[in-house]
Amino acid sequence: MEKINKLSTTAVPLAMEDIDTDQIIPSRFLKAISRAGFGDNLFRDWRYDKADKPIPSFILNNPLYKGEILIAGRNFGCGSSREHAAWALVDYGFKVVVSSFFADIFKGNALNNGILPITVSETNLQALFKIVNHNPKAIFEVDLAAQSFCYKEALNINFEIDAYKKECLLNGYDDIDYLLSIKQDIVAYESL
């Protein structure tokens, strides 16, 4: 996994609620066993019409909106437990997803695959949508070590994250990498 520490980037606003994992990555694309290529089909049925032509009104097809942060409506990642949804977001280039509520399984899958899910209040979420819609080039600052998400001096949000998952993201560890990083401690403990 890629390390996440500090991030300074624009954001993509997807102001829709109850986005489920089948909308994030439709089930017909789950046949691959490699994580590569899922980004091409992220929000596939919203991004492309039946003739595989981009739908201009969908936000990911709007050249004004780019960045490594996806700001999404409430209840992001609901539905089935497919890990492929996180794979698709990572492969597309998102490192952070911001919402006022995440489905628990999606949140775990995101953290396990190098995506930082940041939960904010509904009031702050609406403020973020307003900022991005007013200025698509607005730069947001994420500081994982400080657990802060900021836009200039106008908005400074502190977020919660499990200490173990925070350490994994800061170091680019998956669960096995983490265990390998503390191998000497494990060996020392076992030798007692």
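These numbers were taken from a predicted model, which means no experiment stands behind them.

1. Considering the sheet that holds strand β7 (residues 148–151)
Okay, step 1: What the four strands build is an open sheet, ordered β1-β6-β7-β8; its pairing is antiparallel. Two strands close off the open sheet at either side, each with one partner strand: β1 (6–9) and β8 (155–158). The sheet shows a mean angle of 10° between the axes of neighbouring strands, taken without regard to direction.
Okay, step 2: Both β1 and strand β6 (residues 140–143) contribute to a ladder of four bridges, which runs antiparallel. Bridge pairing in β6 places Leu 7 opposite Val 142.
Okay, step 3: Here helix α5 (residues 122–134) sits on the sheet in contact with β6, β7 and β8, set at roughly 140° to β8.

2. Brief notes about the sheet that holds strand β3 (residues 69–72)
Okay, step 1: The four strands lie next to each other as β2-β3-β4-β5, forming an open sheet whose pairing is parallel. Two strands lie at the open edges of the sheet, namely β2 (11–14) and β5 (116–119), each paired on one side alone. Strand-to-strand, the axes of this sheet are offset by a mean angle of 20°, without reference to chain direction.
Okay, step 2: Where strand β4 (residues 96–99) meets β5, four bridges bridge the pair, whose relative direction is parallel. Paired with Val 98 across the strands is Ile 118, a residue of β5.

3. Considerations on unusual backbone geometry
Okay, step 1: You will see that Asp 18, though not glycine, has its phi angle at about 55°, which is positive.
Okay, step 2: Positionally, Asp 18 belongs in the loop between β2 and α1 (21–24).
Okay, step 3: A positive phi angle, near 70°, is found at Asn 75, a position not held by glycine.
Okay, step 4: Its location among the elements puts Asn 75 in the loop between β3 and α3 (84–92).
Okay, step 5: Asn 75 gets classed as buried once you look at its relative accessible area, which sits at 16%.

4. Quick notes on the side chain of Arg 82
Okay, step 1: Mapped onto the fold, Arg 82 is located in the loop between β3 and α3.
Okay, step 2: Polar side-chain contacts of Arg 82 include one of 2.9 Å to the side chain of Asp 22.
Okay, step 3: Setting aside residues no more than four positions away along its own chain, Arg 82 makes contact with Thr 21, Asp 22, Ile 25, Pro 26, Ser 27, Leu 30 and Asn 109.

5. Describing the packing of aromatic side chains
Okay, step 1: Summed over all chains, the structure comprises 12 aromatic pairs.
Okay, step 2: Seen in terms of ring centroids, Phe 102 and Phe 106 are 6.1 Å apart; in terms of plane orientation they differ by 15°. Their pairing is stacked.
Okay, step 3: According to the relative accessible area criterion, Phe 102 is buried, its value standing at 3%.
Okay, step 4: A centroid spacing of 4.9 Å and a plane angle of 85° characterise the contact between Tyr 164 and Tyr 178, whose relative ring orientation is edge-to-face. Of this pair, Tyr 164 sits in helix α6 (residues 163–171) while Tyr 178 sits in helix α7 (residues 175–181), and the two are 14 residues apart along the sequence.
Okay, step 5: A relative accessible area of 27% means that Tyr 164 is categorised as partly exposed.

6. A short note on α5
Okay, step 1: With 13 residues, α5 extends 18 Å from end C-alpha to end C-alpha; this agrees with the ideal 18 Å at 1.5 Å per step.
Okay, step 2: Every buried residue of α5 is listed here: Leu 125, Leu 128, Phe 129, Ile 131 and Val 132. Each buried residue of α5 sits inside an arc of 165° when the element is viewed along its axis, so together they form one side. Opposite the buried face of α5, at more than 90 degrees from it, the exposed residues are Thr 123, Lys 130 and His 134.

7. Focus on the packing of α3 against helix α4 (residues 104–112)
Okay, step 1: Between α3 and α4, the shortest axis-to-axis distance is 8 Å and the interhelical angle comes to 45°. Taken together, the axis directions place α3 and α4 in an arrangement best described as oblique. Of the two possible hands of crossing, α3 and α4 adopt the one that is right-handed. Where α3 abuts α4, its residues Ala 85, Ala 86 and Leu 89 lie against Phe 106, Asn 109 and Ala 110.

Criteria and thresholds
Residues numbered from 1 in each chain as written. Predicted model: local features only at pLDDT ≥ 70, side-chain atom pairs only at ≥ 80, totals over all residues. Heavy atoms only, no water. Pairing = 2+ DSSP bridges. Helix = DSSP H or I, 4+ residues; strand = E, 2+ residues; numbered from the N terminus. Axes fitted to C-alpha atoms, helices over the stretch in contact; angles between N-to-C directions. Contact = heavy atoms within 4.5 Å. Buried < 20%, exposed > 50% of the residue type's maximum accessible area, 1.4 Å probe, protein only. Polar contact = N/O pair within 3.5 Å; in protein donor to acceptor, adjacent residues only side chain to side chain. Phe/Tyr/Trp six-rings, centres within 6.5 Å; stacked < 30°, edge-to-face > 60°. Expected span 1.5 Å × (residues − 1). Arc of directions from axis to C-beta. Parallel < 35°, antiparallel > 145°, perpendicular 65-115°, else oblique. Left-handed = near helix turned anticlockwise from the far one by under 90°.

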